[in-house]
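# Residue-level structural notes
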Amino acid sequence: MSANSPAAVVVLAAGGGTRMKSNRLPKVLHEVCGRSLVGHAVAAAEELTPGQLVVVIGHMREKVAEHLAAHHPGARAVVQAEQNGTGHAVRTALETLAADGVELDGTVIVTTGDAPLLTGGTLRALAGAHAEQGNGVTVLTAVVPEPFGYGRILRDEADGAVAAIVEEKDASDAQRAIDEINSGVFAFDAKLLVGALAEVTTDNAQGEEYLTDTLEILRRAGHRVGAVVAADYRDILGINDRVQLAHARRLLNDRLLERAMRAGVTVVDPATTWFDVQVSYEPDAVVLPNTQLQGATHLGEGSEVGPNSTLKDTRIGAGARVSNTTADGAEVGELATAGPYAYLRPGARLARKAKVGTYVEVKNSELGEGAKVPHLSYIGDATIGEGTNVGAASVTVNYDGVNKHRTVIGAHCRTGSDNMFIAPVTIGDGAYTAAGSVITNDVPAGGLGVSRAQQRNIAGWVERKRPGTTSAQAAAAAAEAAAEVPAEG
């Protein structure tokens, strides 16, 4: 916690979100660009390094608490057992801290758990203005092109302070013409907030404690109520249904893509490209159309991914090429290639200049430098040495129905097409295996592994066993043509 950090940030995330129409997830756990709504709120708050970071939870509290513990262990979950309004939620958070001996002194920021576009920079500007102006409370506002449905900010003409917040249903025609709205995000003096919350009543149509009532309480007590206008009005947009969820996802994705492009990444078609917030990159990476980068995916310098690729938690090395590929938890090394139509599952690791080609699946396996699996193969639980070429239609048979076993193919090997490697099995350095072989025993270095029955041909079988078929007709025609060829000499 720095000297300029708030004493606490309280994130309100207890609501049910009924308009999301979900029986499985509370609103705040719906995701936007790889992070939950409440996760975005917590991440923005964490940028301020507050003394206390509290998330007030209620609806489906077990799921929300579990999510916070897994993804944001620095945030403390406080339960609002009954959702009795925003004022009650904040009071619950502060009383819980007080019961644990935490005495707040300084600024308390109250924000919402359903505004994924709100940034740490905007919260920092709010906290800074609050301290600089010496306000009792400072409201984050926004000037919007369409203010319908929002509470309007009424300002004092003398000093620009907030005189009141009037809701749409209570506003006059002149007040409805105001385009500055309340975001629901506030900065309070901690001690003043505690006192004001004690005066909040439930004397309203909903029978709830409204946090906004504290503004009038503090104003009557002679404290200034200030306001800071968000630089980008979209920062304050909240999510109430899935239409708004999709809209926020598009807006945030546009921000992420713009940031990447300004950092030196070429995004050929932003309209069909999607980034998660954890994605990282280096200059001169190229992202081709219809590509999704999810989780902690990283693009190395000069790499190229896409088109039509989905990469999750995958590292792409400098100069690597990945085309029409799905990858999850994989690593593609420097100058390596994957695809088209490759599937890299967790634990797939391609070393420098390695190649995984068309219709190849790799799982929990390492390919050494320059190793190649070009066509139509499954490589699971295997280690393949440098410079080795695996023939088309090869399979490492790793599962016996109970346990997984490993195949080891050494350096500079040449394995034939249509090979089955029955693990556990080891192919020594420089060894060959013959096409069509089922390799059940180790092959020594420099040896040739062959395991296939000798071919025999049964003449006339088709005409005898499949009479009347097109195959039989073709065979008869071929025999007739051969009979018409005059013998030599």
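To be clear, the structure that these remarks concern was listed above.
One structure accompanies this document, and this report is about it. Here the residue numbers are simple positions, counted from 1 along each chain's written sequence. Totals for whole chains, interfaces and linings use every residue, but because this is a predicted model, local features are given only for residues with pLDDT of at least 70 and side-chain atom pairs only at 80 or more, for both listing and counting. Side-chain numbers come from the whole structure's heavy atoms, not from hydrogens or water.

Another aspect to go through is the overall build of the protein chain. Each helix corresponds to a stretch of at least 4 residues labelled H or I by DSSP, and each strand to a stretch of at least 2 residues labelled E; elements are numbered beginning at the N terminus. The number of helices and strands found in the protein chain is ten helices and 41 strands. Taking all 489 residues of the protein chain together, the buried fraction comes to 45%. Across the protein chain, contacts joining residues at least 24 apart in sequence account for 40% of those joining residues at least 6 apart. To measure how exposed things are, a 1.4 Å probe is used in the Shrake-Rupley method; for residues, cover is taken only from the protein chains shown. Of the roughly 23300 Å² of accessible surface on the protein chain, 50% is carried by carbon and sulfur atoms. Across the protein chain, the centroid of the 43 positively charged side chains sits 7 Å from that of the 57 negatively charged ones. Exposure is judged per residue with a 1.4 Å probe applied to protein chains only, and the accessible area is read against the type maximum: over 50% gives exposed, under 20% gives buried, and values in between give partly exposed. The contact rule is simple, with two residues in contact once any of their heavy atoms fall within 4.5 Å. In this count, Lys and Arg are taken as positive residues and Asp and Glu as negative ones, while His and the chain termini are left out. All charge positions are set by atom: Lys at NZ, Arg at CZ, Asp at CG, Glu at CD.

Looking at the secondary structure, you find T107 in strand β6 (residues 107-112). T107 gets classed as buried once you look at its relative accessible area, which sits at 15%. The residues contacting T107, other than those within four sequence positions of it, are P6, A7, A8, H130, A187 and F188.

Next up on the list: the pairing of strand β16 (residues 291-294). Only one face of β16 is covered, namely the face carrying T291 and L293; the face carrying Q292 and Q294 is uncovered. When strand β13 (residues 273-275) meets β16, the two strands line up parallel, connected through three bridges. Across the sheet, W274 pairs through a bridge with Q292, a residue of β16. When DSSP finds at least two bridges between two strands, those strands are taken to pair. Of the pairings in the sheet, the one linking β16 to strand β19 (residues 310-312) comprises three bridges and is parallel in character.

Note on aromatic pairs: the rings of Phe, Tyr and Trp (six-membered ring only in Trp) are paired at centre separations within 6.5 Å, and the planes decide the class, stacked below 30 degrees, edge-to-face beyond 60, tilted for the rest. In the structure shown here, the tally under the stated rule is three aromatic pairs. An angle of 45 degrees between the planes, with centres 5.8 Å apart, marks the rings of F186 and F188 as tilted. What makes F186 buried here is its relative accessible area of 2%. Centroid distance Y341 to Y359: 5.4 Å. Interplanar angle 15 degrees. Geometry classified as stacked.

Among the residues making up helix α2 (residues 61-71), those that are buried are V64, H67 and L68. All buried residues of α2 lie within an arc of 95 degrees about the axis, which places them on one face of the element. Facing away from the buried side of α2, by more than 90 degrees, are the exposed residues E62, E66, A69 and A70. Where α2 is buried, its residues touch β3 (35-36), α1 (37-46), β4 (52-57) and β5 (76-79). This arc is built from the directions going out from the helix axis to the C-beta atoms.

By definition, a salt bridge exists where a carboxyl oxygen of Asp or Glu is found within 4 Å of a side-chain nitrogen of Lys or Arg. Here the structure, examined in full by the defined rule, presents 23 salt bridges. In this structure, R152 engages E168 in a salt bridge whose closest nitrogen and oxygen atoms are separated by 2.6 Å. Pair noted here: R152 is in strand β8 (residues 152-155) and E168 is in the loop between β9 (162-166) and α5 (173-176), with a separation of 16 residues, a long-range link. Here R152 falls in the buried class, since its relative accessible area comes to 2%. Its salt-bridge partner being R349, residue E331 comes within 3.9 Å of it at the nearest N-O pair. Taken together, the residues span a long stretch of sequence, with E331 in strand β23 (residues 331-332) and R349 in strand β26 (residues 349-350) at a distance of 18 residues.

Right, let's talk about helix α4 (residues 120-133) for a bit. Between the first and last residue of a helix there are one fewer steps than residues, each counted as 1.5 Å, and that sum is the expected span. Taking 1.5 Å of rise per residue, the 14 residues of α4 would be expected to cover 20 Å, and the 20 Å separating its terminal C-alpha atoms lies within 8% of that figure. Within the span of α4, buried status applies to G120, T122, L123, L126, A127, A129 and H130. Once α4 finishes, G134 follows within two positions and takes phi at roughly 65 degrees, a positive value.

Before going further, it helps to examine the environment of T426. Its location among the elements puts T426 in strand β38 (residues 425-427). Using a relative accessible area of 34% as the deciding quantity, one classes T426 as partly exposed. Between the C-alpha atom of T426 and that of G339, which follows or precedes it by 87 residues, the distance is 27 Å. Among residues more than four places away in sequence, those in contact with T426 are V408, D442 and V443.

Turning next to the packing of helix α3 (residues 86-99) against helix α6 (residues 190-199). Interhelical geometry of α3 versus α6 gives an angle of 125 degrees and a closest axis separation of 10 Å. Compared by their axis directions, α3 and α6 come out oblique. Between α3 and α6 lies a crossing whose hand is left-handed. Listed contacts from α6 to G87, V90, R91 and L94 of α3 are L193, V194 and L197. Partitioned by chemical class, the residues of the contact of α3 with α6 number five nonpolar, one polar and one charged. Only the stretch in contact is used when a helix axis is fitted, and all axes are lines through C-alpha atoms; the angle between N-to-C directions ranges over 0 to 180 degrees. Every angle not falling under 35 degrees, over 145, or within 65 to 115 is termed oblique; those three ranges are roughly parallel, roughly antiparallel and roughly perpendicular. Left-handed describes a crossing in which the near helix is turned anticlockwise from the far one by less than a right angle; the clockwise case is right-handed. Following the grouping adopted for this structure description, the nonpolar residues are Ala, Val, Leu, Ile, Met, Phe, Trp, Tyr, Cys and Pro, the charged ones are Asp, Glu, Lys and Arg, and the polar ones are all others, Gly among them.

Here we come to a nonpolar patch on the surface. Like-charged residues are merged into a patch within 9 Å and nonpolar side chains (Val, Leu, Ile, Met, Phe, Trp, Tyr) within 5 Å, provided each residue has over 30% relative accessible area and no salt bridge. On the surface, a cluster of nonpolar side chains totalling about 350 Å² of accessible area is made up of Y341, Y359 and L376. By the element assignment, Y341 lies in the loop between β24 (337-338) and β25 (342-344).

This next bit is on the side chain of N182. Within the secondary structure layout, N182 lies in strand β10 (residues 180-189). Residue classification places N182 among the buried positions, given a relative accessible area of 13%. Polar contacts involving the side chain of N182 include one to the main-chain amide nitrogen of G184, which spans 3.0 Å. Within 3.5 Å is the distance limit for a polar contact, defined as a pair of N or O atoms, with the added protein rule that one can donate a hydrogen and the other accept it, and that residues adjacent in sequence qualify only through two side-chain atoms.

The next point concerns the sheet that holds strand β35 (residues 407-409). Taken together, nine strands build an open sheet; the order of strands is β14-β17-β20-β23-β26-β29-β32-β35-β38 and the sheet is parallel. With partners counted over all chains shown, the strands left at the sheet margins are β14 (280-281) and β38, one partner each. The pairing of β35 with β38 spans three bridges and is parallel. The residue bridging I409 from the neighbouring strand is I427, located in β38.

Between α6 and helix α7 (residues 213-220), the least distance of the axes is 9 Å, while the angle of their chain directions is 110 degrees. As summarised for this structure, α6 and α7 are arranged roughly perpendicular, according to the angle between their axes. Counting all contacts with α6, which are made through L192, A196, L197 and E199, the residues of α7 involved are T214, I217, L218 and R220. A per-class count over the contact of α6 with α7 returns five nonpolar, one polar and two charged.

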